[in-house]
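# Working through the structure, step by step
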Amino acid sequence: MQPAPSGDALQPLPFGRVTIIGLGLIGSSIARAVRLYMPGARVTGYDADPAVRDVAVRLSLCDAVADTPGAAVADAEFVIFCVPVGAMGEAAASIAAGLPANAVVSDVGSCKESVVEALSAALPGAIIVPAHPVAGTENSGPESGFASLFRNRWCIVTPAPDAPALAVSRVVAFWEQIGAEVETMEPHHHDRVLAVTSHLPHLIAYTIVGTASDLEEVTRSEVIKYSAGGFRDFTRIAASDPTMWRDVFLANKEAVLDMLQRFSEDLSALQRAIRWGKGDELFDLFTRTRAIRRSILEEGQDDARPDFGRAHE
Ligand SMILES: NC(=O)C1=CN([C@@H]2O[C@H](COP(=O)(O)OP(=O)(O)OC[C@H]3O[C@@H](n4cnc5c(N)ncnc54)[C@H](O)[C@@H]3O)[C@@H](O)[C@H]2O)C=CC1
Ligand SMILES: O=C(O)C(=O)Cc1ccc(O)cc1
């Protein structure tokens, strides 16, 4: 067994009974991490897809997999929604009647403003402390999760100003105990930061892989055969889950469209520099961007995926 990620294995548990709604990549990774690093906590899972529930039982991801959302939350202290952002409202409504009054509710959605709105509307009066682990892969589903996914990765918590301090500190402790470093942010700011650091890069990857596959004079097998490093990296990102990313772009529309506008203007400037042979402009930009990559490496963040290149336990 791996050592507990945040030091002392005897830390008090932030929550004794954790319910995970949605047992795909992120939900199943949280389940695995809680069972590994918080062995005293009881994990109950639920997924709307019966086939996913069957896999969760087969893999022993949870102490119990409930057949209904209501049963999943019956005695929960912490309920965490791990469903696509467009499904948050529906998932929250499905547990509303059974949610214990003092339970803390959270989520892992990739954008926050729309999710906060959906959760608050479906669960009026509930204690809601949203979060976003900035850790993942291009894979989805319960079989692709792993316990170390969140280790040494950021988790951004976006509580409302009037959220109870105790609930916020318990959610922070939860993420720290499964290995994440936690930062607090206002939801609107979160959505703008992630629009440029995560959402736009995914949009660019989807576009470039689509462009290459639409070319008439370059065959599909040539694209596959001769894809150099850069294109290969784009194909990894462009293999990400279509439902999840459709939902992210629709939910974070305003911030993504703003970043896309800025990106298009910068791309046009590069187009002009190439057309008019302005090598110094290209050289200056590439020098600046190289420095950013080097700063990321100096911070030890060499890949969005944890323990990249090492075996997952
Ligand atoms: N994939 C990634 O790298 C990351 C994803 N996220 C966020 O995590 C959330 C989950 O993403 P993944 O785990 O990657 O997706 P996934 O596709 O692997 O799993 C989502 C699961 O939710 C279930 N589901 C959908 N609607 C439901 C409902 N109403 N009730 C119960 N279950 C329902 C699906 O059946 C599926 O099993 C998304 O909001 C995403 O934005 C956050 C960080 C990284
Ligand atoms: O696989 C990758 O490169 C990712 O970028 C994973 C990822 C996807 C969505 C998030 O909200 C956070 C992380």
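This text follows the structure it describes.
Residues numbered from 1 in each chain as written. Chains lettered and ligands numbered in written order. Predicted model: local features only at pLDDT ≥ 70, side-chain atom pairs only at ≥ 80, totals over all residues. Heavy atoms only, no water.

### Thoughts on the packing of aromatic side chains
Rule in force here: Here a pair means two rings of Phe, Tyr or Trp (six-membered ring of Trp) with centres within 6.5 Å. Their orientation is stacked below 30 degrees between planes, edge-to-face above 60, and tilted elsewhere. Elements are defined by DSSP. Helices are runs of H or I of four residues or more, strands are runs of E of two residues or more, and each kind is numbered from the N terminus. Each residue's exposure class comes from its accessible area (1.4 Å probe, protein chains only) as a fraction of the maximum for that residue type: buried when under 20%, exposed when over 50%, partly exposed otherwise.
As enumerated under the stated definition, the model contains six aromatic pairs in all. Residues Phe150 and Trp175 carry aromatic rings whose centres are separated by 5.1 Å and whose planes lie at 85 degrees to one another, so their mutual orientation is edge-to-face. You can see Phe150 sitting in the loop between β7 (131-133) and β8 (154-157) and its partner Trp175 sitting in helix α6 (residues 165-177), a full 25 residues away along the chain. A relative accessible area of 0% places Trp175 in the buried class. Each member of the aromatic cluster is reached from another via a ring pair, and the members are Phe15, Phe78, Phe150, Phe174 and Trp175.

### Topic: the site of ligand 2
Note the threshold: Proximity criterion: a residue is near a molecule or strand once any of its heavy atoms comes within 4 Å of it. Two N or O atoms form a polar contact when they lie within 3.5 Å of each other; inside protein one atom must be a possible hydrogen donor and the other a possible acceptor, and for residues adjacent in sequence the pair counts only when both atoms belong to side chains. Here the Shrake-Rupley method, with its probe set to 1.4 Å, supplies the accessible areas, and only the displayed protein chains count as covering residues. Polar here means any residue other than Ala, Val, Leu, Ile, Met, Phe, Trp, Tyr, Cys and Pro, which are nonpolar, and Asp, Glu, Lys and Arg, which are charged; Gly is therefore polar. Bear in mind that the domain bounds are from an automatic or database domain assignment.
Around ligand 2, the surrounding shell holds eleven residues, and the nearest of these are Ser110, His132, Thr137, His202 and Arg236. Here Ser110 contributes a side-chain N or O atom positioned 2.7 Å from an oxygen atom of ligand 2. Between Arg236 and ligand 2, the recorded distance is 2.7 Å, taken from a side-chain N or O atom to an oxygen atom. Coverage of ligand 2 by the protein amounts to 90% of the 340 Å² it exposes when considered alone. Residue classes in the shell around ligand 2 are distributed as four nonpolar, five polar and two charged. Among the domains, domain 1 (3-185) and domain 2 (190-302) are the pair contributing at least three residues each to the shell around ligand 2.

### Observations regarding the site of ligand 1
Not every one of the 29 residues close to ligand 1 is listed here, only the nearest: Ile26, Asp47, Val83, Ser110 and Gly141. Note that an oxygen atom of ligand 1 is positioned 3.3 Å from one of the backbone N or O atoms of Thr137. A distance of 2.8 Å separates an oxygen atom of ligand 1 from a polar atom in the backbone of Gly141. Contributing elements (two or more residues each) for the shell around ligand 1: α1 (25-37), α4 (88-95) and β7. At three residues, the largest contribution of residues to the shell around ligand 1 is made by α4. Partitioning the shell around ligand 1 into residue classes produces 17 nonpolar, nine polar and three charged.

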